[in-house]
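Coordinates in review
For reference, the chains in residue letters:
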Amino acid sequence: MSMHMREDFTRNEKIQQARRILNENKYSLDAWAILVQDAQDKKIVESREFYESLIAQFPTCGKFWKLYVESEMKGRNYDKVEKLFQRCLIKVLNIDLWKCYLNYVRDTKGILPTFREKMVQAYDFALEKIGMDVYSYTIWNDYVNFLKSVEAVGTYAENQKIAAVRKVYQKGIVIPIVSVDLLWKEYCTFEMSINPILGKSIIETRSRDFLNVKRVTKELETLTRAIDRNSPCVPSTSPQSTDEIKQLAAWRKLITWERSNPLKTEDALLVTRRVVLAYEQCLLCLGYHPDLWYELCAYLEQTSRQYSERGDVQLAKRFLDEASTLYERATQTYMRSNMLIHFAYADFEEYRLNVDKARAIYDRLLDLNESNLKDPTLAYIQAMRFERRADGIKAARAVFKRARDDSRINHHIYVAAALMEYYCTKDNSIAFNIFNLGLKKYGQNVDYILAYIDYMTHLNEDHNARVLFERVLSLDNSIPKQSQLSIWHEFLKFESQVGDLQSIKKVEKRRTNAYQDLNELDGRETLLIIDRYKFLNLLPCSTDDLKLLGYNDNVSTNSFLTTTIIANSSTAVNSTALLEQVARDRRAFLPRPDIKHLMPFRPTRNPLPGSHPTPGGIFPLPDTALYLVKVLPPSRNFEGPFVIIDKLMEYVARTVIPNNFEPVRISVQGEVIRDLDMNNSQQGRKTERADSDDEDQHTQANFNGRSAMNIYQQRQQKRARLTVGTGSNIDHISSPVLI
């Protein structure tokens, strides 16, 4: 088998393996990368279907759109290229994709007579949408160079050309982008080449704004350094990956920074545009986060409200339309099955009095083919509430009827419909009928039964409530005995509120029998009395007593022995363990020593010299000694001589200390360099100062007379003066260093 055949075989194996991986996990980026590489080697006719599936899976990834467009451009399918740009440019604000668009216009429209106009329109369109991107310097620079290259015939045309170039420059230098310094230098050169006097004035006027932008650009570069703008959008994993957490934190930091108005500008519209651009570029990579979609839409609503208060109706409507467009884009792409965004979108349109559009949102969410919800119960409940607000209770009943025919719903829809009838129409009979209808279907569901019981007890229907309790706790009902415990708890609670002592005792005895059948009491019937006498969070025993008894109230509907027996099993609770727990809780309130100022104990086998060894370890040096050790140079830097301490001490002991003190003068090569006579020290200082003054005067005189004297001659003269002054020199040899 040849080498080429073997490579093709290996490549085909990788492609087949990648497809198998995508069948199991359609978000595997490694598998997609293998298939993308294979598609790039093929002609566009063979790989177009793959590219369509690629952008269908990642509709906001600018990198994949750019690959698709470049493949079509390579095949010279310009009609399809323009259709692709129409599909992606507005939604995908990726700087590389927009640069590809401008290159396409420049390369393909050059032969047209209206090329200049089309190119200017393309640049203006690109700068309006993505000109504030931090990496948009190339677009600004190319636009300026294009305008400069246009031939202008006549004075008027030349002035128009200069004005157009100046306008682009002045827009670009006030935007924080990478390499804004280069744009500013080019602008200064341009102004000075036109009119130096006027250009200097214009540059001085614009320099303050540029310095502010330069400062902000440095901060922006730091914030965007950790962001990967080309990462495809994939659903979050549980737990989240480290890369996703870092990307989300980096994007949120950038958005918070943009919302703080770092440019300190008074143009509120500019701040809004920058914040919206940051959010939209973030959603290209993190589109599966519903909080980001909602935050952006809420921000646009708030901005619209602010402009409406100022009286600018046009801008207020514009931002509301942008919010609606974002909601629609979210529900059509990544938030197709997210109920939160659909509910917020429906409320947004209902607030704008677009009732039909809000109804269409709910219908689309409830459609199995559109949203593919596994449990649409909450969507039906919200749709019922919307229809009641919009068209009344009859429309809500129609939604309830539609929900009953859906096999995916749960019991909550019956509870919501019954309570809606009770609170809105004040008709108890309809609510009873709905609850009874649901009881036929969910008679074994304890949560539904408890909701029905709660409704009955709040109506003061004592007789009907007792009938319901007896019905669900009868032997004919197949509810598991373990699940009946919470119902017995509610029954006892109900009788404690409205019944007499005899009925309370009867229910309490029946409940005790139920627990004994499950073998969960184990001789601790006292726990059952606690639930009888408690009220809300008031309990008849102290906390310590409750722990000794093994009672653990979770403040829930089934607050008794489903969670009261600590081990949650049939084993008896160890009273010794309970006492130890109580003792530990008490010790938690006792005063404790402050250990902040204690030195840490560091066990070591071989302590270093100078440390504080103790049995088992060493303690650190005191702070002063530790500082001295830190500032001293390391021992390896000292190469000698090393003093023998014993010999040094012997020499000191043999030294005879004289009774009187004689002045000692140290001289080197006949020159006295030190006088150790303390009595004559002041006189020595005066003599030295006088000598110094004489020397300075002599030196100054020599300089004035322009007679050069070298340093050696000056020292010889000074030595001669000292010799005359002292009369004789005493040579002194210092004590030798004993080695």
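Everything below is about the structure printed above this text.
Let us look at the structure shown here. These figures come from a predicted structure and were not determined experimentally. (Residues numbered from 1 in each chain as written. Predicted model: local features only at pLDDT ≥ 70, side-chain atom pairs only at ≥ 80, totals over all residues. Heavy atoms only, no water.)

**Digging into unusual backbone geometry**
Condition: The way it works is that DSSP assigns letters per residue, a run of H or I at least four long becomes a helix, a run of E at least two long becomes a strand, and they are numbered from the N terminus.
Even without a glycine there, the phi angle at Lys426 is positive, about 60°. Mapping Lys426 onto the fold places it in the loop between helix H20 (412-425) and helix H21 (428-441).

**Quick notes on the packing of aromatic side chains**
We apply this condition: The criterion for an aromatic pair is that two Phe, Tyr or Trp rings (for Trp, the six-membered ring) have centres within 6.5 Å, with stacked assigned to planes under 30 degrees apart, edge-to-face to planes over 60 apart and tilted to the rest. We call a residue buried when its accessible area falls under 20% of the maximum for its residue type, exposed when it is over 50%, and partly exposed in between, using a 1.4 Å probe and counting protein chains only.
Within this structure, the stated rule accounts for 36 aromatic pairs. Consider the rings of Phe85 and Tyr101, whose centres lie 5.3 Å apart with planes at 75°: the pair is edge-to-face. A residue pair is termed long-range when its members are at least 10 positions apart, and Phe85 in helix H5 (residues 78-88) and Tyr101 in helix H6 (residues 95-108) qualify at 16 residues. Side by side, Phe85 and Tyr101 carry an identical accessibility label, which is buried.

**Examining the pattern of salt bridges**
Let me state the cut-off plainly: Only one rule defines a salt bridge in this text: a Lys or Arg side-chain nitrogen within 4 Å of an Asp or Glu carboxyl oxygen.
Evaluated as defined, the whole model comprises 27 salt bridges. Here Glu328 ties to Arg364 by a salt bridge, and the two come within 3.1 Å at their closest N and O atoms. Here Arg364 lies in helix H17 (residues 355-366) and Glu328 lies in helix H15 (residues 313-332), a separation of 36 residues in the sequence. Judged by its relative accessible area of 26%, Glu328 falls in the partly exposed class. Residue Glu421 pairs with Arg397 through a salt bridge whose shortest N-O separation is 2.7 Å. A residue pair is termed long-range when its members are at least 10 positions apart, and Glu421 in helix H20 and Arg397 in helix H19 (residues 393-404) qualify at 24 residues. The class for Glu421 is buried, based on a relative accessible area of 4%. What emerges from the salt-bridge pattern is a single network uniting Asp356, Arg359, Glu387 and Asp391.

**A closer look at the nonpolar core**
Generally speaking, soluble globular proteins have nonpolar side chains that are buried together. Using the following cut-off: What we call a nonpolar core is a set of buried Ala, Val, Leu, Ile, Met, Phe, Trp, Tyr and Cys residues that are connected through their side-chain atoms within 4.5 Å. Here, two residues are considered to be in contact whenever any of their heavy atoms come within 4.5 Å of each other.
Core analysis: the largest hydrophobic core is formed by 166 residues, its most contacted members being Phe85, Met384, Ile413 and Ile487. Here the element with the most residues in this core is helix H13 (residues 268-285); it accounts for 10 residues. Residue contacts for Ile487: discarding those within four places in its chain leaves Val446, Ile449, Leu450, Ile453, Phe469, Val472, Leu473 and Ile479.

**Some words on empty space enclosed by the protein**
Note the cut-off: Cavity: a set of points on a 1 Å grid over the protein atoms alone where a 1.4 Å probe fits but cannot get out. Pocket: an open set with protein on both sides within 12 Å along at least five of seven lines, its lining residues, like those of a cavity, having an atom within 4 Å of a point. Grid points are joined across faces, edges and corners, and a volume is the space filled by probe spheres set on the points. Only Asp, Glu, Lys and Arg are considered charged in this grouping, and only Ala, Val, Leu, Ile, Met, Phe, Trp, Tyr, Cys and Pro are considered nonpolar; every other residue, Gly among them, is considered polar.
Taken as a whole and assessed by the stated rule, the structure comprises seven cavities of 30 Å³ or more. Considered as a void within the structure, the largest cavity measures approximately 110 Å³ in volume. Taken together, Met132, Asp133, Val134, Leu220, Thr224, Arg229, Leu254, Glu258, Arg274, Leu277, Ala278 and Gln281 make up the lining of the largest cavity. Contributions of two or more residues to the lining of the largest cavity are made by helix H11 (196-224), helix H12 (242-259) and H13. Sorting elements by how many residues they give to the lining of the largest cavity places H13 first, with four residues. Its residues assigned to classes, the lining of the largest cavity comprises six nonpolar, two polar and four charged. Taken as a whole, the second largest cavity encloses approximately 70 Å³ of empty space. Along the walls of the second largest cavity sit Leu93, Asn94, Ile95, Asp133, Arg229, Trp251, Gln281, Leu284 and Cys285, which together make up its complete lining. The leading source of residues in the lining of the second largest cavity is H13, at three residues.

**What about the side chain of Asn94?**
How we decide: Polar contact is defined as a pair of N or O atoms within 3.5 Å, subject to the rule that within protein one atom must be able to donate a hydrogen and the other to accept it, and that residues adjacent in sequence are counted only when both atoms are side-chain atoms.
In this structure, Asn94 sits in the loop between H5 and H6. Polar contacts involving the side chain of Asn94 include one to the side chain of Asn230, which spans 3.1 Å. Those residues in contact with Asn94 that lie beyond four places of it in its chain are Gly62, Ile130, Arg229, Asn230 and Leu284.

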